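Commentary on secondary and tertiary structure
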Number of protein chains: 2
Amino acid sequence: MKIVECVPNFSEGRRKDVIEKIIDAVRAVEGVKVLDYSSDPSHNRTVLTFVGEPMAVKEAAFRVAEKAAELIDMEQHQGEHPRIGAADVIPLIPISGVSMEECVELARELGRDIGEKLGIPVYLYEEAATRPDRKNLAHVRRGEYEGLKEAIKTPERQPDFGPAQMHPKAGAVAVGARPPLVAYNINLDTDKVEIAKAIARSIRGSSGGYPSIKALGVLIEETGKAQVTINVCNYKEVSLARVFETVKSEAGRYGVNITGSEIVGLVPMEALLDAAAFYLRLEGFQLEQVLEKRL
Amino acid sequence: MKIVECVPNFSEGRRKDVIEKIIDAVRAVEGVKVLDYSSDPSHNRTVLTFVGEPMAVKEAAFRVAEKAAELIDMEQHQGEHPRIGAADVIPLIPISGVSMEECVELARELGRDIGEKLGIPVYLYEEAATRPDRKNLAHVRRGEYEGLKEAIKTPERQPDFGPAQMHPKAGAVAVGARPPLVAYNINLDTDKVEIAKAIARSIRGSSGGYPSIKALGVLIEETGKAQVTINVCNYKEVSLARVFETVKSEAGRYGVNITGSEIVGLVPMEALLDAAAFYLRLEGFQLEQVLEKRL
């Protein structure tokens, strides 16, 4: 079975009735399952996760954009998190039996529908980007809703689909395709946050480490210990095992040990099986050997 | 969803039409899926694997016993592998959402049905055993079909269900419950099979190692290298990671390295996730965090 995940972020994190109506629009689509959602009032933003077969997911994602445009007025929106529109960002993620290429195609079809049927300007980003400078979502969102009102009229900021002017209430939307992200924290047996920060710098792309890794060093209040908090943005490129071993090696330079690690939220089975295969030195292992894959 | 696996071994590995008719009896049960089967002509025996919800699996297992009794005549059976009956051994294995206790109960219900409805003597073994000396399948099968004809009349060999005499064609059957077995081989960078044999002795229960581990040292013809070939009979008791690390440590005593390992056939997802969790030192990890478990 082909399974695509969709994690739309929309610009409402306070009004429960609005949040529920948008999620209900997803629940109403047959063949789609809502896995999780969380709203942040200070960001005034909700992150929703659902999965299903490609066509059902595309339909549900379209309805998020449609319902958000109906119920959210960006002229009234305030929140700490950068955003350009009501349905701010809609990534499609291949999970099972689907290639990245298929998700890119699906994102472009979804973008076309949103642009043409809802009259909302659409920017394609990450793997679905049509220009190199639009791969990076932060770059697509620069200036945010307020700044984009004027900038959208320039050739450089012309949207991929829809009109070259902001939708009067819904603004614009970024639609993309990307690998699954694993939120992964590694705990150290030190109270020196500088060590966690130094390790984070050594592994993250922004300071010369792995391009698909984002990382910060933080001090955990409850334990008084330092932690490297990591986004593994492409586990097929840089695996959990490689991240763990690199952090272990860097920590060793300070005489610091890893006490444990944590996976926050959901993780694709393959990301963990890759770690098992790495450490057990598995040869010729196929995902189809996993009993649960046969059910 | 509750998933039970059943791996009946029946005493026919040569006549294709008989083998197919017995497997068709399983396929005819709704809610059961045949995952695999393999027939060995010299053993004159077939190993069948199917899965499904508990009640459907019990029904399909009953039909294996029924069909095997109809089509196999133990008076005519010859083969290298030890056996006591047509449907020789029927283990039930908890896979997902099912406890061992539930599988034991299911095995006893299945045994009662086979004994009462088919008139075949049934011995409960492993986790389902009613006496300590029947835990070990080899002990239940001692004397084989031919020897059990007389021995069954003694109090010690009285079956758990059914008549205290062999079924005239089908003989007897062992019905049990056990954890999933993982067939796991570890390859060494040496051509000295004695080293693999010594390592096997150090880890297997029969020579003082882990009680749930069976192991042999062999020389692989294709590679000319030694291998420790292992049955991990209870991965919750002794994990793949512990087996790997013990073999690694023992091999180190001879200056020998592990070049790789292999999983033969199917493996429960949890057995590999446990290995990932061990090496990544995962804290508070729940199986429900695996995305595929939510679908």
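Okay, so let's go over this structure.

Parameters and conventions
Residues numbered from 1 in each chain as written. Chains lettered and ligands numbered in written order. Predicted model: local features only at pLDDT ≥ 70, side-chain atom pairs only at ≥ 80, totals over all residues. Pairing = 2+ DSSP bridges. Helix = DSSP H or I, 4+ residues; strand = E, 2+ residues; numbered from the N terminus. Core = buried A, V, L, I, M, F, W, Y, C linked by C-beta atoms within 7 Å. Buried ≥ 20, exposed ≤ 12 C-beta atoms within 10 Å, placed from the backbone. Contact = placed C-beta atoms within 7 Å. Axes fitted to C-alpha atoms, helices over the stretch in contact; angles between N-to-C directions. Least-squares fit on C-alpha atoms with pLDDT ≥ 70 in both.

1. Examining the pairing of strand β1 (residues 3-6) of chain A
Within a regular strand, the side chains alternate between the two sheet faces. Residues and elements named next belong to chain A. Of the strand pairs in this sheet, β1 and strand β5 (residues 87-96) are connected by four bridges, and their pairing is antiparallel. Directly across from I3, in β5, lies its bridge partner S96. Sheet topology note: the β1/strand β4 (residues 45-52) ladder contains three bridges and is antiparallel. Bridge pairing in β4 places E5 opposite V51.

2. Things to note about the nonpolar core
In terms of nonpolar packing, the biggest core is built from 185 residues, with A65 and L240 of chain A together with A65 and L240 of chain B touching the most fellow members. Residue contacts for A65 of chain B: discarding those within four places in its chain leaves A87, I90, I114, L118, I120 and V173 of chain B.

3. Concerning the sheet that holds strand β11 (residues 258-264) of chain B
Residues and elements named next belong to chain B. As summarised here, the arrangement of the four strands in space is β9-β10-β8-β11, forming an open sheet in which the pairing is antiparallel. Both outer strands of the open sheet, β9 (213-220) and β11, are each paired with one neighbouring strand and no more. On average, adjacent strands in this sheet sit at an angle of 20° to one another, irrespective of strand direction. With respect to the sheet, helix α7 (residues 240-252) is in contact with β8 (182-188), β9, β10 (225-232) and β11, its orientation differing from that of β8 by roughly 25°.

4. Quick word on the relation of the copies chain B and chain A
Mapping chain B onto chain A calls for a screw motion: a turn of 180° about the axis and a shift of 0.1 Å along it, with 0.1 Å RMSD after fitting. Here the transformation between the copies is reduced to the relation of a two-fold axis. Of the C-alpha atoms belonging to chain B, the one lying closest to the rotation axis is found on A276 of chain B, 2.3 Å away. When the interface residues of chain B are mapped onto chain A, 100% of them again lie at the interface, so the same face is used by both copies.

5. Some thoughts on the environment of E127 of chain B
All names here are of chain B. Inspection of the secondary structure assignment puts E127 in the loop between β6 (122-126) and α4 (137-140). The buried category is assigned to E127, around which 20 C-beta atoms lie within 10 Å. Sequence separation between E127 and P94 is 33 residues; the distance between their C-alpha atoms is 11 Å. Discounting residues that sit within four places of it in the chain, E127 has contacts with M100, V104, G176, A177 and R178.

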